[in-house]
Amino acid sequence: MVIHRCYWERIFFLSFHQIIMSKKSRTQKLFQIVSFIFQLVVKRMQKIVLESIPEGNIVDIGGGGEGIIAQIGGERVTSIDKRQSEIDEAKHKAPEATWVLADAKDLDYSNDHFDNATSFFSIMYMSNEEKIEVFKEVYRVLKPHGEFWVWDASISKEKGVFFIKIKAVIPDKKVVRTGYGVSSKKQTINVVTKLLVEEGFKVEIIENKKNWYFLKAKK
Ligand SMILES: C[S@@+](CC[C@H](N)C(=O)[O-])C[C@H]1O[C@@H](n2cnc3c(N)ncnc32)[C@H](O)[C@@H]1O
């Protein structure tokens, strides 16, 4: 099993960093770190087969890190990430994609610019308030009937830390093993669906797995 450098980077920077920088007591932080390491060891890898991505030009939200969507869609993908380090990590895996350092809450594109949109395990890093702003922006930049495809973790705990191990199988059968960890927040498919509907999307649930989900929302 090949474990990429960013697997560990993501664990340490996006997860430990969040715990350490949180306004919690030292005991709470220590507890979160122990819980995080426990999940890292015991949790099973979730296999996600990406048979396809949307057609046309795509805006991928939080597309850095592994750059899964950019690896599949190449030049059709505009990958938005607010962290330069995550873009640097992904860029060489899909150099033909367009890489943009920006916060998805404020996209520098006109209305109806993109055919479709995606988000692969990125919204779990946003508070529900942030998700609302991002969904509003995605809706704005999508063409009428454009689709927003979301793969993300089902998180039911509101406290502590959450970690998911992923084995993504992309169309050329390449396998990418990675892991994503965050401070817990309630983001079940029902919560995310409700937020999307409130921003005007029509949601079709395609897959609801135990630990993750995939949904398509249409403008
Ligand atoms: C788990 S990581 C990357 C997952 C990525 N889609 C992949 O294929 O590996 C989630 C990313 O979302 C980005 N992110 C979180 N909130 C964001 C926002 N408001 N705007 C842009 N990027 C954001 C983070 O910087 C991080 O790189």
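**Details of the sheet that holds strand β8 (residues 175-183)**
Part 1 of the reasoning: With mixed pairing, the three strands of this open sheet are ordered in space as β1-β7-β8. Looking at strand neighbours, the two that pair on one side only are β1 (45-49) and β8, the edges of this open sheet. Direction aside, the axes of adjacent strands within the sheet are offset by 30° on average.
Part 2 of the reasoning: Here nine bridges tie strand β7 (residues 161-169) to β8, and the two strands are oriented antiparallel to one another. Bridging from a neighbouring strand, Ile 164 pairs with Tyr 180 of β8.

**Describing the environment of Lys 105**
Part 1 of the reasoning: Here Lys 105 shows up in the loop between β4 (98-101) and β5 (114-120).
Part 2 of the reasoning: For Lys 105, a count of 16 C-beta atoms within 10 Å translates into the label partly exposed.
Part 3 of the reasoning: When residues no more than four places from it in sequence are discounted, the contact partners of Lys 105 are Glu 130, Glu 133, Val 134 and Glu 137.

**What to know about the site of the ligand**
Part 1 of the reasoning: Lining the immediate surroundings of the ligand are 23 residues, of which Gly 62, Gly 65, Glu 66, Glu 86 and Ala 104 lie closest.
Part 2 of the reasoning: Elements represented by at least two residues in the shell around the ligand include exactly β3 (77-81) and α5 (128-141).
Part 3 of the reasoning: Taken together, the residues of the shell around the ligand sort by class into nine nonpolar, six polar and eight charged.

**Some remarks on the pairing of β3**
Part 1 of the reasoning: The buried count for β3 comes to five of five residues, which makes it a mostly enclosed element.
Part 2 of the reasoning: Residues Val 77, Ser 79 and Asp 81 line one face of β3 and the alternating positions Thr 78 and Ile 80 line the opposite face, and both faces are buried.
Part 3 of the reasoning: Sheet topology note: the strand β2 (residues 58-61)/β3 ladder contains four bridges and is parallel. If you follow Ile 58 over to β3, its bridge partner there is Val 77.
Part 4 of the reasoning: For the segment spanning β2, helix α3 (residues 68-73) and β3, crossover handedness is right-handed.
Part 5 of the reasoning: Sheet topology places β3 next to β4; four bridges connect them, and they run parallel. Across the sheet, Ile 80 pairs through a bridge with Val 100, a residue of β4.
Part 6 of the reasoning: For the segment spanning β3, helix α4 (residues 84-91) and β4, crossover handedness is right-handed.

**Observations regarding unusual backbone geometry**
Part 1 of the reasoning: Of note in this structure, Asp 112 is not a glycine but carries a positive phi near 60°.
Part 2 of the reasoning: Along the chain, Asp 112 turns up in the loop between β4 and β5.
Part 3 of the reasoning: Of note in this structure, Phe 121 is not a glycine but carries a positive phi near 50°.
Part 4 of the reasoning: Considering the arrangement of structural elements, one finds Phe 121 in the loop between β5 and α5.

**Side note on the packing of α5 against helix α6 (residues 189-198)**
Part 1 of the reasoning: Axis separation between α5 and α6 bottoms out at 9 Å; the angle between their running directions is 40°. With respect to α6, the axis of α5 lies oblique. Judged by the sense of rotation from one axis to the other, the crossing of α5 with α6 is right-handed. From α5, Asn 128, Lys 131, Ile 132 and Phe 135 reach across to α6, where they touch Val 191, Leu 195 and Leu 196.

**Some details on the nonpolar core**
Part 1 of the reasoning: Of all hydrophobic cores here, the largest spans 52 residues; its most connected members are Ile 69, Ala 117, Val 138 and Phe 148.
Part 2 of the reasoning: Look past the residues within four positions of Val 138 in its chain and what remains in contact with it is Ile 61, Ala 117 and Phe 148.

**Comments concerning α6**
Part 1 of the reasoning: All of the buried residues along α6 are Val 192, Leu 195 and Leu 196. With its buried residues spanning 100° around the axis, α6 presents them on a single face. Along α6, the residues that are exposed and aim more than 90 degrees away from the buried face are Lys 194 and Glu 198.
Part 2 of the reasoning: Against α5, β6 (142-153), β9 (202-208) and β10 (212-218) lie the buried residues of α6.
Part 3 of the reasoning: The first or second residue beyond α6 is Gly 200, which carries a positive phi of 110°.

About the cut-offs
- Residues numbered from 1 in each chain as written.
- Predicted model: local features only at pLDDT ≥ 70, side-chain atom pairs only at ≥ 80, totals over all residues.
- Pairing = 2+ DSSP bridges.
- Helix = DSSP H or I, 4+ residues; strand = E, 2+ residues; numbered from the N terminus.
- Axes fitted to C-alpha atoms, helices over the stretch in contact; angles between N-to-C directions.
- Buried ≥ 20, exposed ≤ 12 C-beta atoms within 10 Å, placed from the backbone.
- Contact = placed C-beta atoms within 7 Å.
- Near = placed C-beta within 6 Å.
- Nonpolar A, V, L, I, M, F, W, Y, C, P; charged D, E, K, R; others polar.
- Right-handed = clockwise from strand over helix to strand, strands pointing away.
- Parallel < 35°, antiparallel > 145°, perpendicular 65-115°, else oblique.
- Left-handed = near helix turned anticlockwise from the far one by under 90°.
- Core = buried A, V, L, I, M, F, W, Y, C linked by C-beta atoms within 7 Å.
- Arc of directions from axis to C-beta.

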